[in-house]
Every structure is written in C-alpha cells, then in structure tokens.
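# Architecture and fold: a report
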Amino acid sequence: MSTTLLPAPTEPNQIADDALRVMFITTTLDVGGAETMLINIVRRFDRRRAAPEICCLKGPGELGTIMAREVPLFDRLLSGKYDLRVLGRLTTLMRRRRIDAVVTVGAGDKMFWGRLAARMAGVPVVASALHSTGWPDVVGRLNHWLTPLTDAFIACAPAHGQYLIEQQKFPAERVHVIPNGVDTVRFQLRPGNPALRRQLGLPDGAAVACILAALRPEKNHEMFLDVADRVRREVPAAHFLIVGDGQRRSMLEQRTAQLGLTDAVHFLGTRSDVPELLSVADVVLLTSHMEANPVSILEALAVGKPVIATRVGSVPQTVLDREVGYLVEPGDAAAMAGHVVDLFRRPELAAALGAAGRQHVVAHASLEQTVEGYEDLLESLYRRKTTNRPAARRSPPR
C-alpha cells in the first residue's frame, strides 16, 4: 500500500448535530499503507454525515501526531500485550465520547479490545476493517470468538471479501466489500519533472522502474532487486526507485551492494511527493508474497503508469493482465524482468497500458467511492439497530 497522505482539508465541513460519531481504533499510526488509507478516509468524511475520531491503543506514531491537530485523537490506552485494564479504559472513553459506531482497523489487539469495549459501552454499530490475507495481520482464535459481537467485516476488494468468507469463515451476510480508492485528482497524468530527475540522480533518458511499499518481508523487495539485476543486463542504463522505509532497509542496501547495483537503485524512504515521483517512472512493480488490495498500484495506474505485479490477493482485479499491465507468479523475477525490458523498449505500449489503467481506476477505484462506501454502510447499520433513537444528539465533551 502507498504511504501518500492527502493534504489536510483547509475548510472541513462543520459537524452536524445528527452526524454519526465514528471511532476508528488502531494500534498506532506509523507511516504505512493501511494507516495512510485510514487517514485519507477520515479527512474525506462528510462531517454532515459522520464525525470521525481516532484511538491509537499505543503511541500516536508519526501520522497520529499530524492527525491530532485535525480530529479528536486518543492514545496510550494499552501498556502491554497483557494489560487487561485497557478494556475499562476503552469502554469509559467510548461512553464519554458518546460513540455511535466503532471501526477496528486490522487484526490483533485493536480488533479484540475495540469490539469487546464497544459492546460493553453499548455502542450501536461495531465493525472491523481488514486489509490483509494473512501474516502479519492474522485474525486469530480470540478474534474469531467475537464474531457474534460484530455487525460488519469490511473487505477492501471483492476477492478479499471471498477470502474473509471462505478462508476466515466470517458470516457472508456480515461481510461488506468497500474497495480501496485513491484521489484521482491528485494522482493524474502529468509530465516527468526534469528537475526532480536530476535531484534523484537519474540520467537524462534513463528508463526507470519504481516500487512503492514499506520495507517489510511480505513486500519481497529481494525480488525487486533480483528484477533490477536482470533488467540491467539488458538495459544497462536503467534505474530503480524504492519508495518506502522500514527496519529492513540496511539489509536491502547490503543486498543492493552485493549485486553491484548501488549506482542504479535509489532508496528514497518515506516521501510526500509520490505523484511527482511516479511521473518520472516508466513502469511500477509490485513484488509481494501476499496482498489484499494495495493502494500503491492504484496510484500508479491513476497517473498512467503500467504496473507489473505478482498474482496475489485481489491484485488481478486491479492489474488487468495485458490490459493495464502484466501479472506474474509470486517470486518469478525472470518473467517480471522480461516484461520490464519489453516496456522499456516499447514506450508506446507502456503509454497505452497506462492510459487504460487510468480509465479503470477513475471508473472503479476513486477515494470518493471508498469514503461513500463507509458512510453508507455505517449509516445503514445504525438505522437498522436504532430505530427509536432520536436523530439529533448532543455533542460529546471536548
């Protein structure tokens, strides 16, 4: 997933008296794909329909510090894995804030404690948004026990919804698909920036491949480096951008040096100018072992870049093979490198695939569609469960 934040709204809608008070519960808001997706949704919520709040069970993280200036944010309710007092703290917080709907984001502690506290606090709507098809975001036995307490399990793509039903065994009638989306205005076709190319150390005319992913094991950056090594044998002037950061950076930099690619592979860390970075790339890669519905490839397609990705999770529903890019089997660096070389040598084909990708994202994966999906789902669940509750409610204490 991408780590691209939308700009903060300059004039957010005034909160309506009858807006649903929605609390999103997560562990922390470090820079990452699911975390960024959450913030972009929160920033786009129509305050006439929903007033969002965020609870980070641990520290706020880098992104949480930013969001605390925009919405009510609460943190440090969980001191350790076996801190049972978190249940009382969360329950008290939800009652004090008069929360109408709780959405836990991801599996693990936040999914367990968030749902249990919501039921104890009498919160009408309890939902869990999931963004993975396995490790490191595994839904364990304790979280499965709380299925009866959950009104909705939110999947981020149709295939992900099937996974939640068939593999996780969640009740089909409670699984709702709200596809991930991107801001198709911010992410749009634009010419490459020569000044940015020079800043990044990209020679004039050099072909560029890019990956947008946190440096975590499941993203398989080793395959990206293997692809880079193979491509350089065919296109010696090619360069490669790695956008994202994490604890594996040092190891991956060492691997880059071992392959003799230090001059060609650029570790850019976390960046706020992803649309501009994508504009200087010719092709975007996804090398993951597993995914649900990564936003990074939606962003790449939105700016008109062809994507070559591993055939995992819901990726085939986004990267339509041979229509907007290419799919390869997980770990098949040779096949991926072959497609990269082909697109480097056939820029007209790359442009055609990218243009088709842009059309696909605008039609099926805009951020507006994602936000509206959350608003509609939470409102419909609330109406179903609170038919006698008055529409207008007092604002919670500040």
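Presented here is a report on the structure given in the accompanying data block. (Residues numbered from 1 in each chain as written. Predicted model: local features only at pLDDT ≥ 70, side-chain atom pairs only at ≥ 80, totals over all residues. Heavy atoms only, no water.)

Quick look at the sheet that holds strand S8 (residues 208-212) now. Spatial strand order, S10-S9-S8-S11-S12-S13: six strands in an open sheet with parallel pairing. Sheet topology places strand S10 (265-269) and strand S13 (325-328) at the edges, where each strand pairs with a single neighbour. Ignoring which end each strand starts from, the neighbouring axes of this sheet average 20 degrees apart. Taken together, the three bridges between strand S11 (residues 283-286) and strand S12 (residues 307-310) define a ladder with parallel strand orientation. Pairing of Leu285 across the sheet is with Ile308, part of S12. Contacts from helix H8 (residues 221-234) reach S8, strand S9 (239-243), S10, S11, S12 and S13, with the element oriented near 170 degrees to S9. (Pairing = 2+ DSSP bridges. Helix = DSSP H or I, 4+ residues; strand = E, 2+ residues; numbered from the N terminus. Axes fitted to C-alpha atoms, helices over the stretch in contact; angles between N-to-C directions. Contact = heavy atoms within 4.5 Å.)

In the contact formed by helix H3 (residues 86-97) and helix H4 (residues 109-120), the axes pass within 8 Å of each other and the chain directions differ by 55 degrees. By the angle class used here, H3 and H4 are oblique. Viewed along their axes, H3 and H4 form a crossing whose handedness is right-handed. Seen from H3, the contacting residues are Val86, Leu87, Leu90, Thr91, Met94 and Arg95; seen from H4, they are Trp113, Gly114, Leu116, Ala117, Ala118 and Met120. (Parallel < 35°, antiparallel > 145°, perpendicular 65-115°, else oblique. Left-handed = near helix turned anticlockwise from the far one by under 90°.)

At a minimum axis separation of 10 Å, helix H1 (residues 33-44) and helix H15 (residues 367-385) run at an interaxial angle of 75 degrees. It follows from the interaxial angle that H1 and H15 lie roughly perpendicular. Taken together, the residues of H15 that come into contact with H1 (itself represented by Met37, Asn40, Ile41 and Arg44) are Leu367, Glu368, Thr370, Val371, Tyr374 and Glu375.

Glancing now at the side chain of Asp83. Residue position: Asp83 is located in the loop between strand S3 (73-75) and H3. Residues contacting Asp83, with those up to four places away along its chain left out, are Leu77, Leu78 and Arg89.

Turning our attention to the packing of aromatic side chains. Scanning all chains against the criterion turns up five aromatic pairs. Ring geometry for Phe24 versus Phe45: centroids 5.9 Å apart, planes at 50 degrees, classification tilted. Placement of the pair is Phe24 in strand S1 (residues 20-26) and Phe45 in the loop between H1 and strand S2 (50-56), with a sequence separation of 21 residues. Exposure remark for Phe24: the relative accessible area of 1% places this residue in the buried category. Each ring, one from Phe224 and one from Phe240, has its centre 6.2 Å from the other, and the planes form 85 degrees; the classification is edge-to-face. With a gap of 16 residues between them, Phe224 in helix H8 and Phe240 in strand S9 connect regions that are remote in the sequence. Each member of the pair, Phe224 as well as Phe240, carries the same accessibility label: buried. (Phe/Tyr/Trp six-rings, centres within 6.5 Å; stacked < 30°, edge-to-face > 60°. Buried < 20%, exposed > 50% of the residue type's maximum accessible area, 1.4 Å probe, protein only.)

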